[in-house]
Amino acid sequence: GRDLTTTLLAVTDTELVGTAEPVDVFVLTDRGAPMATVFATVAPHGYNAAIDLLIGVAPIGTVTGVRVVRHRETQGLGDAIDTAKSDWMLQFDTKALSAPPPELWAIEQDEGEFDAISGATVTSRTVVAAVKNTLLYFEQHRDELYTRAAETAAAAETNHP
């Protein structure tokens with residue numbers, strides 16, 4: 001059976017997680033082995049306001065899922081980022097920084113590999129960039145995140161016998 005532990009970390013990286021504020025990162029481990037990491041990333045350049053996302057990343061660096069937590073995108077256009085309204089977000093599932101390669105992490109209008117939402121180029125562009133940047137952050141900090149999660153989990157066990 002699984003023995004999943006979720007460890008909450010805070011990371012700060014204005015460029016890659018989209019805000020100067022610390023963002024939540026949840027690291028799920030099974031008896032200490034990393035299973036998944038979920039980033040509360042901000043896509044800062046939404047059409048009307050920043051878009052708050054949850055981006056799941058597997059240990060091998062593939063996207064396990066992207067969901068919108070909060071947005072103010074235009075009804076009938078940019079709100080297609082909501083999986084209740086369209087499947088647009090599902091195109092990120094299983095993608096990684098090597099598949100497609102970084103230069104193709106863009107919408108088709110920008111010579112990239114991702115579909116844009118019709119009539120919502122700005123929204124589409126900022127979400128694609130946010131997912132790409134989160135994967136870049138993960139690639140650069142994977143070991144550090146896992147080490148911090150293990151240390152935090154170990155400390156929690158010590159405090160609660």
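Reference entry: report on the structure contained in this document. Keep in mind it's a predicted model, so treat the numbers as computed, not measured.

Cut-offs applied
What you see as residue numbers is a count from 1 along each chain, following the sequence as written. The predicted nature of this model means local features are confined to residues of pLDDT at least 70 and side-chain atom pairs, given and counted, to a pLDDT of 80 or more, with totals for whole chains, interfaces and linings taken over all residues. Each side-chain value is derived from all of the structure's non-hydrogen atoms; neither hydrogens nor water enter the calculation. Starting at the N terminus, helices and strands are each numbered in turn, a helix being any DSSP run of H or I of at least four residues and a strand any DSSP run of E of at least two. Accessibility here uses a 1.4 Å probe with only protein chains present; expressed as a share of the type maximum, an area under 20% marks a residue as buried, one over 50% as exposed, and anything in between as partly exposed. Note on definitions: a residue-residue contact is assigned when non-hydrogen atoms from the two residues lie within 4.5 Å. Two rings from Phe, Tyr or Trp (for Trp, the six-membered ring) form a pair when their centres are within 6.5 Å of each other. A pair whose planes differ by under 30 degrees is stacked, one over 60 is edge-to-face, and the rest are tilted. In this analysis, strands are considered paired if DSSP registers two or more bridges between them. Salt-bridge detection follows one rule: a side-chain nitrogen of Lys or Arg within 4 Å of a carboxyl oxygen of Asp or Glu.

Notes on the side chain of Thr126
Its location among the elements puts Thr126 in helix α2 (residues 121-159). With a relative accessible area of 6%, Thr126 lands in the buried category. Those residues in contact with Thr126 that lie beyond four places of it in its chain are Ala43, Pro44, His45, Gly46 and Ile51.

Brief notes about the packing of aromatic side chains
Summed over the entire model, instances satisfying the criterion amount to seven aromatic pairs. Aromatic pair Phe92 and Trp105: ring centres 6.4 Å apart, planes at 20°, arrangement stacked. With a gap of 13 residues between them, Phe92 in the loop between β6 (63-70) and α2 and Trp105 in the loop between β6 and α2 connect regions that are remote in the sequence. Its relative accessible area of 0% is what places Phe92 among the buried residues.

Considerations on the pairing of β6
Two elements, strand β5 (residues 51-57) and β6, share six bridges in a ladder whose sense is antiparallel. Residue pairing in the sheet places Asp52 in a bridge with Arg70 of β6. Following β5, the chain reverses through five residues before pairing antiparallel with β6; Gly61 in that reversal takes a positive phi of roughly 95°.

Some details on the pattern of salt bridges
Pairs can form between side chains of opposite charge once their charged atoms are near each other. Under the defined criterion, the tally for this structure stands at four salt bridges. Where Asp30 meets Arg31, a salt bridge forms, and the shortest distance between an N and an O atom there is 3.9 Å. Given a relative accessible area of 57%, Arg31 falls into the exposed group. For Arg70, the salt bridge identified is with Asp52, shortest N-O distance 2.6 Å. Taken together, the positions of Arg70 in strand β6 and Asp52 in strand β5 put the pair 18 residues apart, joining distant regions of the chain. With a relative accessible area of 57%, Arg70 lands in the exposed category.

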